[in-house]
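Listed here are the chains, written in short residue letters.
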Amino acid sequence: QSALTQPPSASGSPGQSVTISCTGTSSDVGDYNYVSWYQLHPGKGPKLMIYEVTKRPSGVPDRFSGSKSGNTASLTVSGLQADDEADYYCSSYAGSNNLVFGGGTKLTVL
Amino acid sequence: QVHLVESGGGVVQPGGSLRLSCAASGITLSTNGMHWVRQAPGRGLEWVAFFRDSGGNKYYADSVKGRFTIAKDSSKNTLYLQMSSLRSEDTAVYYCGITNYDFWSCYEWGQGTLVTVSS
């Protein structure tokens, strides 16, 4: 199973919005509404930010939102804050009880 | 509050074996699915294995199939990853995660344990 495609980096100034894309295929992102997004800070475990494409777990600010169109899912972070600086990974169910991750995007808050 | 703690990582020679543990507190591991995911140095996250449910259904990434075994001991509230025939490319931080909303997103993760395969 091939990894999902994410841009290696993204950036924005405090208060701005940034969108990170996650491109898969019709066998994963395009076929299932099981896209998740994780935030990863160095030395810590992943933190779930979005599940099932658009849903936010309790405690995640509504500045984080998810969407999907065709084979591409997106994570938008609005009102950027300094502690949003982290690596972000998407994942998708890929059928046959397999899970696939994206390569990760390093978000820099300028 | 749910808390997961991985342990068992270390340095092992190529071809060797290692067992990772993921101890859970704040929750009784029953119907939740649980995953192992790893991150090699300088690389992205990679899914490794999935313990689906009380029926004992288990699934693996092609890269570890036949070499790794995921298991759960409900009496100890612990998930395991038995790793054998280890290769240098298995060097990574290994994280365990637990599902809740669906089987394909983990709402809680441990801090990870480092496995280094080197002679």
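See the structure printed just above.
Computed from a prediction, not measured in an experiment: that's the story for all the values here.

J.: Where do I start with the sheet that holds strand β8 (residues 78–83) of chain B in this structure?
T.: By way of backbone hydrogen bonds, the strands of a sheet pair with one another, either parallel or antiparallel. Residues and elements named next belong to chain B. The strand order across the open sheet built from four strands is β1-β3-β8-β7, with neighbouring strands paired in antiparallel fashion. The open sheet has two edge strands with one neighbour each: β1 (3–7) and β7 (68–73). When the angles between neighbouring strand axes are averaged without regard to direction, this sheet yields 15°. The pairing of β7 with β8 spans six bridges and is antiparallel. Looking at β8, one finds that F68 is bridged to M83.

J.: Can you help me understand the nonpolar core in this one?
T.: It is characteristic of soluble globular proteins that their nonpolar side chains tend to be buried jointly. W36, L81, M83 and Y94 of chain B are the most contacted members of the largest nonpolar core, which has 28 residues in total. Put simply, the parts of the chain that give this core at least two residues each are β3 (18–25), β4 (34–39), β5 (45–51), β7, β8, β9 (92–99) and β11 (113–117) of chain B. Grouped together as the second largest cluster of nonpolar side chains are 24 residues, V29, W37, V53 and V60 of chain A included.

J.: For this particular structure, what's the right way to read the interface of chain B and chain A?
T.: As a measure of interface size, the accessible area lost when the parts come together is often cited. Facing the 22 residues of chain B at the interface are 22 residues of chain A. It is L45, Y101 and W104 of chain B in chain B that bury the most area against chain A; as a group they hold 39% of the surface buried on that side. Here chain B is connected to chain A by zero salt bridges. Where the side of chain B that touches chain A is concerned, the elements lending two or more residues are β4, β5, β6 (58–60) and β10 (106–109) of chain B. Among the elements that line the side of chain B that touches chain A, the one with the most residues is β5 of chain B, at four residues. When its residues are assigned to classes, the side of chain B that touches chain A shows 12 nonpolar, six polar and four charged.

J.: In this structure, what is going on with the environment of S54 of chain B? I would like to understand it.
T.: Residue and element names in this part refer to chain B. Tracing the backbone through its elements, the reader meets S54 in the loop between β5 and β6. The class for S54 is exposed, based on a relative accessible area of 65%. For the pair S54 and N77, spaced 23 residues apart in the sequence, the C-alpha separation amounts to 13 Å.

J.: Whenever I open this one, the environment of Y94 of chain B confuses me. Can you help?
T.: Residue and element names in this part refer to chain B. Mapped onto the secondary structure, Y94 falls in strand β9. Residue class for Y94 comes out buried when judged on its relative accessible area of 0%. Linking Y94 and G9, residues 85 residues apart in sequence, is a C-alpha distance of 8.3 Å. The contacts of Y94, once residues within four sequence positions are left out, are E6, L20, W36, V37, R38, V48, F68, L81, M83, G112, T113 and V115. In terms of polar contacts, Y94 uses its side chain to reach the backbone carbonyl oxygen of D90, at 2.6 Å.

So, how was this worked out
- Residues numbered from 1 in each chain as written.
- Chains lettered and ligands numbered in written order.
- Predicted model: local features only at pLDDT ≥ 70, side-chain atom pairs only at ≥ 80, totals over all residues.
- Heavy atoms only, no water.
- Pairing = 2+ DSSP bridges.
- Helix = DSSP H or I, 4+ residues; strand = E, 2+ residues; numbered from the N terminus.
- Axes fitted to C-alpha atoms, helices over the stretch in contact; angles between N-to-C directions.
- Core = buried A, V, L, I, M, F, W, Y, C linked by side-chain atoms within 4.5 Å.
- Buried < 20%, exposed > 50% of the residue type's maximum accessible area, 1.4 Å probe, protein only.
- Contact = heavy atoms within 4.5 Å.
- Buried area = accessible area lost by both parts, 1.4 Å probe.
- Salt bridge = Lys/Arg side-chain N within 4 Å of Asp/Glu carboxyl O.
- Nonpolar A, V, L, I, M, F, W, Y, C, P; charged D, E, K, R; others polar.
- Polar contact = N/O pair within 3.5 Å; in protein donor to acceptor, adjacent residues only side chain to side chain.

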